[in-house]
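Residue strings, one per chain:
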Amino acid sequence: MPELPEVETIARGLHKRVAGDTIQSVWLGEKPEPLKSPPSEIVAVLERSRIMQVRRIGKHIVFDLDRPGGRHGRGTLPGQWIVHLGMTGRMQVTEPETEIARHTHAIIKLASGREVRFVDPRRFGRLAVASGNAEVAEGFRAPGDEPLESALERFIELFRGRKTPIKSALLNQKLLSGVGNIYADESLFRAGLRPRRRTASLTKDQLCKLHAAVQEVLREAIALGGSSVSDYVDADGEAGFFQLQHRVYGREGEPCLVCRRLIKRVVIAGRSSHYCPKCQK
Ligand SMILES: [Zn+2]
């Protein structure tokens, strides 16, 4: 499943390729699951819209659109196309001759002649639009705070006093939007905190360290992802990301890179958590 850094990388890659282009027509597949807005509404918002920018919000890819049809048929209205990749979703920017992959659920034809396609074998991904009324002035919002923009004071306010293990709090999308299992484990390692630690037991200093660690891990992963974006967007999606070397995630039984103690794995709220019993308290 793509995590925040991957989604950021994909959004940047899409922005580079399609910003400024205009959507000419939209084809949607027959499977209803990926469509979170009514198909007719998706078509109405996308067709003839100009793509102003593509960006990441939480783990969503958001296309900001200028739609024709302001007052008296002149000017433009704002709109948004919102994509969530789910487990197996991917976006392709291709020439129209490129063979259509199995499990393609949407094809967006652009004025430049290229196409943006949404492919998703397991159909946990989601397509939606927002448009046309007062809500869109605010635009799409993820439920939690953007982790890379969360100021320290705000971060402390969000986490302080929570009774859940810190690992669960990091994964709670209503607090921070887009931190997944891998980066939660890696952040906790860098902050020297065990995943089971009760959030309420953390000192202010420890929360400061965690705040810095979350941002550092995500930023490093985004910096690495930048080099592999073309693989993901253009190709068939099989090519993996160039990943941050994990220090604990997926390393159960292997020696800690700092102290050589063996990395442990525990299950917290149904998710695997990896930590070093010596470096993390
Ligand atoms: Zn260690």
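What comes next is a walk through the structure.

About the thresholds
Residues numbered from 1 in each chain as written. Predicted model: local features only at pLDDT ≥ 70, side-chain atom pairs only at ≥ 80, totals over all residues. Heavy atoms only, no water. Donors = N, O, S within 2.8 Å, 3.2 Å for Na, K, Ca; no water. Tetrahedral: all angles 85-135°; square planar, octahedral: opposite > 155°, others 65-115°. 1 Å grid on protein atoms, 1.4 Å probe; cavity = no way out; pocket = protein on both sides within 12 Å on 5 of 7 lines; lining within 4 Å. Points joined across faces, edges and corners; volume = space filled by probe spheres on them. Helix = DSSP H or I, 4+ residues; strand = E, 2+ residues; numbered from the N terminus. Nonpolar A, V, L, I, M, F, W, Y, C, P; charged D, E, K, R; others polar. Contact = heavy atoms within 4.5 Å. Core = buried A, V, L, I, M, F, W, Y, C linked by side-chain atoms within 4.5 Å. Buried < 20%, exposed > 50% of the residue type's maximum accessible area, 1.4 Å probe, protein only. Pairing = 2+ DSSP bridges. Arc of directions from axis to C-beta. Axes fitted to C-alpha atoms, helices over the stretch in contact; angles between N-to-C directions.

A closer look at the coordination of the zinc ion
And step 1. Coordination sphere of the zinc ion, protein contribution only: C256 (SG), C259 (SG), C276 (SG) and C279 (SG), at 2.2 to 2.4 Å.
And step 2. Geometry at the zinc ion is tetrahedral, judged from the 4 donor atoms that bind it and their angles of 98 to 113° at the metal.

Looking at the layout of surface pockets
And step 1. Roughly 500 Å³ of internal volume is contained in the largest pocket.
And step 2. Considering the residues around the largest pocket, the lining is formed by 23 residues, among which M1, K59, H60, H84 and Q173 are closest to the centre.
And step 3. Elements with a minimum of two residues in the lining of the largest pocket: strand 4 (76-84), strand 8 (126-131) and helix 6 (181-191).
And step 4. Considering every element that reaches the lining of the largest pocket, the biggest residue donor is strand 4, with 3 residues.
And step 5. Among the residues making up the lining of the largest pocket, the classes are represented as 11 nonpolar, 7 polar and 5 charged.

Details of the environment of I263
And step 1. Secondary-structure assignment places I263 in the loop between helix 8 (229-234) and strand 9 (264-268).
And step 2. Along the sequence, I263 and K278 sit 15 residues apart, while their C-alpha atoms lie 9.2 Å from each other.
And step 3. When sequence neighbours within four positions are dropped, the list of residues in contact with I263 reads R247, V248, R251, E252, G253, E254, P255, C256, H274, Y275 and C276.

What about the nonpolar core?
And step 1. Residues L46, I61, F63, W81, V83, M91 and I108 are the most contacted members of the largest nonpolar core, which totals 29 residues.
And step 2. The residues touching F63, leaving out its near neighbours within four places in the chain, are L14, V18, I51, Q53, V54, G79, Q80, W81, V83 and M91.
And step 3. Of all hydrophobic cores here, the second largest spans 28 residues; its members include I166, A169, Y183 and V214.

Points about the pairing of strand 7 (residues 115-119)
And step 1. Most of strand 7 is tucked away: 5 of the 5 residues are buried.
And step 2. The side-chain alternation of strand 7 yields two buried faces, one formed by E115, R117 and V119 and the other by V116 and F118.
And step 3. Here 5 bridges tie strand 6 (residues 104-110) to strand 7, and the two strands are oriented antiparallel to one another. By the bridge assignment for strand 7, A106 is matched with F118.
And step 4. Connecting strand 6 to the antiparallel partner strand 7 that follows it, the hairpin turn spans 4 residues, and G113 within it adopts a positive phi of roughly 100°.

Overview of helix 4 (residues 152-159)
And step 1. Those residues of helix 4 that sit buried are F155, I156, L158 and F159. Here the buried residues of helix 4 occupy an arc of 160° about the axis, which is enough to place them on one side. Looking at helix 4, the residues exposed on the side facing more than 90 degrees away from the buried face are E153 and E157.
And step 2. On its buried face, helix 4 is in contact with helix 5 (166-171) and helix 7 (204-225).
And step 3. Of the residues one or two after helix 4, G161 is the one with positive phi, at around 80°.

Quick notes on the sheet that holds strand 6
And step 1. With respect to topology, 4 strands assemble into an open sheet ordered 1-6-7-5, the strand pairing being antiparallel. Across the chains shown, the open sheet's two edge strands, defined by having one partner strand only, are strand 1 (23-28) and strand 5 (90-94). Recorded for the sheet is a direction-independent mean angle of 15° between the axes of neighbouring strands.
And step 2. The sheet strands contacting helix 1 (residues 4-18) are strand 5, strand 6 and strand 7, and the helix crosses strand 5 at an angle near 25°.
And step 3. On the sheet, helix 2 (residues 39-46) packs against strand 1 and strand 6 and is oriented at approximately 165° with respect to strand 1.

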